[in-house]
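Read off the chains here:
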Amino acid sequence: MTDCKKHAQHDLHAACCGHDGTDEGFDRGRRMTLDMLAGGGLAAMMGALTGGLPMPAMAQEDDVVRIGYLPITDATPLLVAHAKGFYADEGLEAERPTLIRGWSPLIEAFVAGKFNLVHFLKPIPVWMRYNNDFPVKVMAWAHTNGSALVVGRHTDVEDFAGLGGKQVAVPFWYSMHNIVLQYALRANGIKPVIKAQGEPLAADECNLQVLPPPEMPPALAARKIDAYIVAEPFNALGELKAGARMLRFTGDIWKNHPCCVVCMNEQITTAKPEWTQKVMNAVVRASVYASQNKEEVAELLSKDGEGYLPAPAPVVKRAMTLYADDSTYLETGAIKNEAEYKNGRIDFQPWPYPSATKLIVEEMNQTVVSGDATFLSGLDPEFVAQDLVNYNYVKAALQKYPEWQNDPSVDTSGDPFVREEVLKL
């Protein structure tokens with residue numbers, strides 16, 4: 001590591017979630033499950049879901065690609081591969097991807113075998129595999145950068161030091177967002193804590209809570225939280241609909257970081273190697289397409305296009321394209337390192353750099369989470385980088401689509417498959 005009134009809230013929730021605010025299809029009781037899962041309760045949940053059956057009995061027996069995703073730009077390659085017919089070009093049948101509104105239900109569905117292709121926040125499979133012994137494999141990166149921290153206009157927060165005494169939402173305890181946020185807080189003398197809402201905070205304490213991404217902008221607009229850190233398009237949505245100010249882009253702190261990763265069940269990848277390679281060919285092809293056609297892809301995915309994401313096209317386009325060409329971001333310090341990093345607000349390259357996996361494991365040991373995280377204490381970063389990730393399928397697909405190296409997040413000055421992690425404020 002280196003250096004709102006009722007109707008207004010109602011409208012905002014519709015903009016976030018794509019319906020009338022009734023949360024149809026989203027079980028609010030799962031909020032309790034969210035903290036239970038992040039606290040290490042996956043093993044017990046797995047037993048209930050599988051009824052004690054051995055894991056192989058859960059795997060789908062047919063070859064249909066079944067995709068589960070959250071309504072965030074992290075899912076872009078999985079969605080573009082469906083929208084552009086790339087799965088079909090590989091001879092695969094793919095159901096229309098299923099939108100899930102929180103990490104808890106997506107994890108549950110993946111564990112139960114409902115989906116055989118998903119995206120997870122990068123630390124989630126670390127926790128699933130080594131704390132809960134679930135055979136998840138990271139197959140590729142979904143995108144690089146593409147996340148940010150926004151603060152409410154009701155606050156006087158101008159930098160990370162200003163988050164002392166404030167309430168901040170993260171999408172999941174085991175998330176790159178929690179890691180980067182706490183890195184920045186510590187560097188500014190602020191202590192991350194997890195306390196009950198309403199409990200007094202010291203001036204140097206920042207209280208963290210988990211919220212599903214679609215609930216973050218309404219919570220900020222209602223002043224239930226002071227800031228949130230999450231993937232796009234919920235930062236852009238917060239800016240346009242919830243009175244949010246952009247404090248800092250995470251890709252301007254950790255250069256070209258992974259956010260979500262493409263995941264599959266290891267038992268399926270072992271049993272169906274040819275099928276797995278075809279899936280990865282389609283995903284990598286979609287990553288290249290997204291990198292080369294960000295504005296088109298934003299329109300395609302939005303509710304004004306094919307409706308994979310419930311956000312309107314202007315929101316998704318902002319999340320995909322508005323960055324260093326916006327003087328406000330430069331003037332306020334939301335962007336500080338772009339001249340050196342030369343990246344975008346969101347970029348797309350699928351190669352899962354081992355160095356980033358190692359850094360995540362190292363940083364997870366310093367990150368405050370709810371629940372028992374003792375599994376991390378003996379976890380060797382080098383072992384995780386080799387055991388958690390399957391490099392073979394994605395590398396074969398990258399050789400088929402070498403244009404991946406043209407993405408701004410790939411350093412072409414040396415070996416494109418090797419890099420040094422840069423993390424600084």
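Look a little higher up for the structure.
Residues numbered from 1 in each chain as written. Predicted model: local features only at pLDDT ≥ 70, side-chain atom pairs only at ≥ 80, totals over all residues. Heavy atoms only, no water.

To continue, consider helix α8 (residues 176-187). Across its twelve residues, α8 extends 17 Å between first and last C-alpha, which sits within 8% of the 16 Å expected from 1.5 Å per residue. Of all twelve residues in α8, ten are buried, a share of seventy percent or more. Buried within α8 are the following residues: Met176, His177, Asn178, Ile179, Val180, Leu181, Gln182, Tyr183, Ala184 and Leu185. Phi turns positive one or two residues past the end of α8, at Gly189, with a value near 75 degrees. (Helix = DSSP H or I, 4+ residues; strand = E, 2+ residues; numbered from the N terminus. Expected span 1.5 Å × (residues − 1). Buried < 20%, exposed > 50% of the residue type's maximum accessible area, 1.4 Å probe, protein only.)

What follows deals with the pattern of salt bridges. Summed over all chains, the structure comprises 20 salt bridges. Between Lys424 and Glu340 there is a salt bridge; the shortest N-O distance is 2.5 Å. Of this pair, Lys424 sits in the segment after α19 (392-400) while Glu340 sits in helix α16 (residues 338-341); the two residues are 84 residues apart in sequence, bridging distant segments of the chain. Overlapping salt bridges, with partners in common, bring together Glu232, Glu239, Arg318 and Arg345 in one network. (Salt bridge = Lys/Arg side-chain N within 4 Å of Asp/Glu carboxyl O.)

Further remarks concern the layout of surface pockets. One number sums up the size of the second largest pocket: a volume of about 250 Å³. The class makeup of the residues in the lining of the second largest pocket is seven nonpolar, two polar and seven charged. (1 Å grid on protein atoms, 1.4 Å probe; cavity = no way out; pocket = protein on both sides within 12 Å on 5 of 7 lines; lining within 4 Å. Points joined across faces, edges and corners; volume = space filled by probe spheres on them. Nonpolar A, V, L, I, M, F, W, Y, C, P; charged D, E, K, R; others polar.)

Tracing the backbone through its elements, the reader meets Asp407 in the segment after α19. Buried and unpaired, Asp407 has no salt bridge, with Lys294 as the nearest side chain of opposite charge at 5.5 Å. With near-sequence residues (within four places) excluded, Asp407 lies in contact with Thr144, Ser291, Asp347, Phe348 and Gln349. (Lys, Arg positive; Asp, Glu negative; His and termini not counted. Contact = heavy atoms within 4.5 Å.)

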